[in-house]
Amino acid sequence: MKSKFLLMLASLVFFLNACSKDENETVETLETPVANAPKDVNDHGFKAKWNYVSYSKSYLLDVSTDENFTSILPNYNAKTVTDLNEVVVGLTGGTQYYYRVRAKNETQISDYSNVISVVTTGSSGIPEDPTFLKVKVNKLANPFFVGMAIKASQLTSGSPYDVILKNEFSSISAEYEMKMDQISTASGVYNWTVADKIVAYGNANNINVHGHALVWHNAVPQWLKDFSGTDAEFAAEVKKYITDVVTHYAGKVKSWDVVNEAVDDSGAMRNTIFLQRMGPNYVKDCFQWARNAAVAAGDASLLLFYNDYATSTNTAKQDKVFGLLDDLKTAKVIDGVGFQMHNTYLSPTKAQIEADLNKAVAKGLKIHVSELDIQVNQFNDISTFTNERRLAQKAKYKEMVQLYNALPAANKYALTIWGMRDNESWIPFSTELNHPGNDWPLLYDSNFAVKSSHTGFLEGLH
């Protein structure tokens, strides 16, 4: 009896050991890991990342300068890593690298993961497309103006600004120096010096001049803010200013933003001094005065635009703006609409931008993407311009240009970039945006070198 019991016990132990061995063999079968996009890309390295593999005890990382891994870096040839990421260092700026990973459990090693490509930041390596923007645009079947916001101080002959403007751009807008508080010093008294310099530069170099802007609540001269006359007399002052400016630049400025940002973010008319003193029809009045002045000056072809921001993402504001445009169309005093497009690399979406533009197309309006820049650091989560943000910005510029270029020829006017160099952009210094830190939103870096965003613009024209 005792022998039978021992035999049964031995059999049970053998069975349990066999089951345990089978389970261990199953447990130790490693799946192939999945490598993820890199993080923290800089001039000399990046963080390689991958997904967790069950039962793995470590990972083997390869980094190479070619996608076939025939030239694996000495320190990254099956480097053992126990985490799900590894900071790769000691690399060359502006260079293409590739990485892959395997999972390991003692003697068992998985298959290779997918291969991830990454380009370190820096000036060497893959060059950007140097083609001049307006040269490529002018070869399109339906070309449009390529614009740049400028300051008069940048227009010195032979300066880097001057060279780039003449080579790349076919339109200019004054960033601030053609607004009311810059030109009007008292009732009927004007300082034309700076604005004249901008207009003369455009005219002398066969560059279109877009006037920005006749009426804006943030550019009211102090004398008009303090005006003590009646509301009718206040309106007469605004009419006189619009008439005199349009007349002064008749035949020299081809288009004007007549009213800028008349609708607030709630979808109501912005409570400005113009609304308070001139009433709810003030926008239409301003457009009518501008139209009348142009016709009287023999400049009936002058194009008049309404300009505003955030209509792609703010439905209430979009509805109000397009209602306003309907009224101006009915009065036959408007030609086009300016979409500022101070966008980010995440927003608006392609569908939101396309829907916004198409609403203007449906109304038969010319479209000016009037103040384009694309932020990449709106959350202040990067301290340097990372490779992933560079590529995301490039893709967003490409998307915007593709959408604009796809518009019907009759609706195209201009696509204007709001500034030349990153370090001179208004964005990091804007109290209106309350931007938390540095940013790199434009087509050129601080050394006037074209960025990937410039290449993205060109790619959007294909």
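Note: the structure precedes this text.
Calculation notes
Residues numbered from 1 in each chain as written. Predicted model: local features only at pLDDT ≥ 70, side-chain atom pairs only at ≥ 80, totals over all residues. Heavy atoms only, no water. Buried < 20%, exposed > 50% of the residue type's maximum accessible area, 1.4 Å probe, protein only. Helix = DSSP H or I, 4+ residues; strand = E, 2+ residues; numbered from the N terminus. Pairing = 2+ DSSP bridges. Polar contact = N/O pair within 3.5 Å; in protein donor to acceptor, adjacent residues only side chain to side chain. Contact = heavy atoms within 4.5 Å. Expected span 1.5 Å × (residues − 1). Arc of directions from axis to C-beta. Phe/Tyr/Trp six-rings, centres within 6.5 Å; stacked < 30°, edge-to-face > 60°. Lys NZ or Arg CZ within 6 Å of the ring centre and 35° of its normal. Axes fitted to C-alpha atoms, helices over the stretch in contact; angles between N-to-C directions. Parallel < 35°, antiparallel > 145°, perpendicular 65-115°, else oblique. Left-handed = near helix turned anticlockwise from the far one by under 90°. Nonpolar A, V, L, I, M, F, W, Y, C, P; charged D, E, K, R; others polar.

A. Geometry of the pairing of strand 14 (residues 255-260). The buried count for strand 14 comes to six of six residues, which makes it a mostly enclosed element. As judged from the five bridges shared by strand 13 (residues 208-216) and strand 14, these two strands associate in the parallel manner. Across the sheet, the residue bridging to G211 is W256, located in strand 14. Pairing between strand 14 and strand 15 (residues 303-308): five bridges, direction parallel. The partner of V259 across the bridge, within strand 15, is Y306.

B. Expanded view of the side chain of T455. Positionally, T455 belongs in helix 13 (residues 452-459). A distance of 3.1 Å separates a polar side-chain atom of T455 from the backbone nitrogen of D129. If near-sequence neighbours (up to four positions away) are discounted, T455 is found in contact with E128, D129 and K394.

C. Summary view of helix 10 (residues 315-330). Taking 1.5 Å per residue, 16 residues should reach 22 Å; helix 10 reaches 22 Å between its end C-alpha atoms and fits that length. Residues of helix 10 that are buried include every one of K317, Q318, V321, F322, L324, L325 and L328, and no others. For helix 10, the angular spread of the buried residues around the axis is 155°, confining them to a single face. Of the exposed residues in helix 10, the ones pointing more than 90 degrees away from its buried face are T315 and T330. Contact partners of the buried residues in helix 10: helix 9 (282-296), strand 15, strand 16 (336-339) and helix 11 (350-362). N-capping of helix 10 is provided by N314, with a side-chain oxygen placed 3.3 Å from the backbone N of A316. One or two positions beyond helix 10, positive phi appears at K332, with a value near 60°.

D. Expanded view of the environment of K284. Within the secondary structure layout, K284 lies in helix 9. Taking relative accessible area as the criterion, K284 reaches 33% and is therefore assigned partly exposed. Spatially, the C-alpha atom of K284 lies 7.8 Å from that of D327, the residues being 43 residues apart in sequence. Those residues in contact with K284, other than ones at most four positions away along the chain, are D327, L328 and A331.

E. Geometry of the packing of aromatic side chains. For the coordinates displayed, the defined rule picks out 15 aromatic pairs. Both rings, one in Y161 and one in F448, keep their centres 5.0 Å apart while their planes meet at 85°; by these two values the pair is edge-to-face. Separated by 287 residues along the polypeptide, Y161 in helix 3 (residues 160-168) and F448 in the loop between strand 19 (412-417) and helix 13 bring together distant segments of the chain. Centre to centre, the rings of F385 and W440 are 5.6 Å apart; their planes meet at 15°, and the pair counts as stacked. One end of the pair, F385, is in the loop between strand 18 (366-375) and helix 12 (387-405); the other, W440, is in the loop between strand 19 and helix 13, and 55 residues separate them in sequence. Here F385 and W440 have matching classes, each one buried. Ring-pair connections join several aromatic residues into one group, and the members of that group are Y190, W192, Y241 and Y249. Note that K359 overlies the ring of F322, its terminal NZ or CZ placed 5.3 Å from the centroid.

F. Here's a closer look at the packing of helix 9 against helix 10. It is at 10 Å that the axes of helix 9 and helix 10 come closest, and there the two elements cross at 40°. By the angle class used here, helix 9 and helix 10 are oblique. The two elements helix 9 and helix 10 cross, and the hand of that crossing is right-handed. Judged by residue contacts, V283, K284 and F287 of helix 9 engage L324, D327 and L328 from helix 10. Tallied by class, residues from the contact of helix 9 with helix 10 come to four nonpolar, no polar and two charged.

Just geometry here; none of it tells us what the structure is for.
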